[in-house]
Amino acid sequence: MVFKKVMRELERLKREQVAVPIRADERGYLDRECPAEACKFIFKVLIEDWTTRLKNASAHCPRCGHTAPDDHWWTTDQLKRARAEVGKVVRARIGNALQEDARAFNTTAPRSLISISMNVSGRKHSTTAALPVEAVNVLEQTLVCEKCGAGFAVLGSAFFCPCCGHNSVERMFDGALAKVRAKIDGLEVVRGALAATLGADEADTFCASTVENGLQDCVVAFQHLAERLYVSPAGAKPPRRNVFQSLDEGSELWRSAVGKGYDDWLSAKEYRRLDVLFQRRHLLAHREGLVDDKYVKNSGDVTYRPGQRIVVLPADVTEMVGLVEKLGTAIRAASTPTKP
Ligand SMILES: [Zn+2]
Ligand SMILES: [Zn+2]
């Protein structure tokens, strides 16, 4: 029976492990990916910290706080390459006659079959490897955990230490806003570096999305700060998910909890403007930036007609950072740690 032999070979393979080297980048960072389906956030962590501090303990996603064992954080790209390696071994073992099966197996190889070894030296495989170093310097935020000292790096915002899970949301809020500012200030450096390697069109596209992401980073940073600081009044049910992405709803929550809302902390003009920017972020995140009737009606922004696409200028992002910072400072002051 031909299948018997194949089955036996597969059984044997299951007990073996195929070592696939995954290397850190030239600075010693290793790419990791959050295993939570809804998140999939990619970040970097110093390989030394990851291997010495975790030691079979759980790791934490810097973005969403998801916790999982330390061998669950391979990036999609790392797994793809590891599975391809395993597939090669399987194909060699069961022969050409079953290549079709091997190909199917290749895409569904269980993680238990793969032992991925780490190597600090060697070629780089990283999320930012394709970007010139001048651009990475502007775009990436490198962080050191204030509690355990682990080093990690992210594009965008982060809130939790990947090694110990410490959530320093207030410090991260300041860091995220400072990074958004730095990205806008360094935009021409990024454009120049990318234009030299990828061409002017690619550089422009990349910079436009960097500016748009600035709105997103501001909203995410503010949302996390508010979620962390907000305490529901006694008897009130906890706020719905993502409620702090809506300025009006968030403002009412604060009013019920501390007696003041955003209109007490921002001028009417500032509040209106921040509301427009929050709603533009919503369009970018959920409608590919296309203006709809709801946006025109709710925002009162008459500069766009439904069907047009939002244009985000660097100055819009700078303005938003200032307004979010002002609001963040206010909710920090309002939510004192001595609250009952
Ligand atoms: Zn996550
Ligand atoms: Zn830590």
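Residues numbered from 1 in each chain as written. Chains lettered and ligands numbered in written order. Predicted model: local features only at pLDDT ≥ 70, side-chain atom pairs only at ≥ 80, totals over all residues.

Caption draft 1: Inspection of the sheet that holds strand 7 (residues 140–144) at higher detail. One open sheet accounts for four strands, arranged 2-3-8-7; its pairing is antiparallel. On the outer flanks of this sheet lie strand 2 (29–33) and strand 7, each paired with one strand and no other. With direction set aside, neighbouring strand axes in the sheet form an average angle of 30°. Strand direction decides the pairing type here: strand 2 and strand 3 (residues 42–46), joined by five bridges, are antiparallel. Across the sheet, the residue bridging to leucine 30 is valine 45, located in strand 3. (Pairing = 2+ DSSP bridges. Helix = DSSP H or I, 4+ residues; strand = E, 2+ residues; numbered from the N terminus. Axes fitted to C-alpha atoms, helices over the stretch in contact; angles between N-to-C directions.)

Caption draft 2: Structural detail: helix 9 (residues 247–258). The end-to-end C-alpha distance of helix 9, which contains 12 residues, comes to 16 Å, matching closely the 16 Å that a straight helix rising 1.5 Å per residue would cover. The complete set of buried residues in helix 9 reads Leu247, Gly250, Ser251, Leu253, Trp254, Ala257 and Val258. Angularly, the buried residues of helix 9 cover 160° about the axis, an arc narrow enough to put them on a single face. Against helix 8 (200–229), helix 10 (262–265), helix 11 (268–286) and helix 13 (314–334) lie the buried residues of helix 9. Count one or two residues on from helix 9 and you reach glycine 259, which has phi positive near 85°. (Expected span 1.5 Å × (residues − 1). Buried ≥ 20, exposed ≤ 12 C-beta atoms within 10 Å, placed from the backbone. Arc of directions from axis to C-beta. Contact = placed C-beta atoms within 7 Å.)

Caption draft 3: Structural detail: the nonpolar core. Counting 74 residues, the largest nonpolar core has Cys218, Ala221, Phe222, Met320 and Val324 as its most contacted members. Looking at this core element by element, the count peaks at 10 residues for helix 8. Of the domains in this structure, domain 1 (15–110 + 121–167) and domain 2 (198–334) are the two that each give at least three residues to this core. (Core = buried A, V, L, I, M, F, W, Y, C linked by C-beta atoms within 7 Å. Domains from an automatic or database assignment.)

Caption draft 4: Spatial organisation of the pairing of strand 3. Counted residue by residue, strand 3 has five buried out of five residues, so it is predominantly covered. Side chains of strand 3 alternate between two faces, with Ile42, Lys44 and Leu46 and Phe43 and Val45 buried alike. Of the strand pairs in this sheet, strand 3 and strand 8 (residues 151–155) are connected by two bridges, and their pairing is antiparallel. Across the sheet, the residue bridging to lysine 44 is alanine 153, located in strand 8.

Caption draft 5: A look at helix 7 (residues 187–198). Here helix 7 is 12 residues long and its end C-alpha atoms lie 16 Å apart, about the 16 Å a rise of 1.5 Å per residue gives. Within the sequence span of helix 7, burial applies to Val190, Ala193 and Leu194. The buried side chains of helix 7 occupy one side of the element, clustering within an arc of 95° when seen end-on. Opposite its buried face, helix 7 presents the exposed residues Glu188 and Ala196, each directed more than 90 degrees away. Residues of helix 7 that are buried make contact with helix 5 (133–139) and helix 8. Taken from the residues just after helix 7, glycine 199 is the one with a positive phi, measuring 105°.

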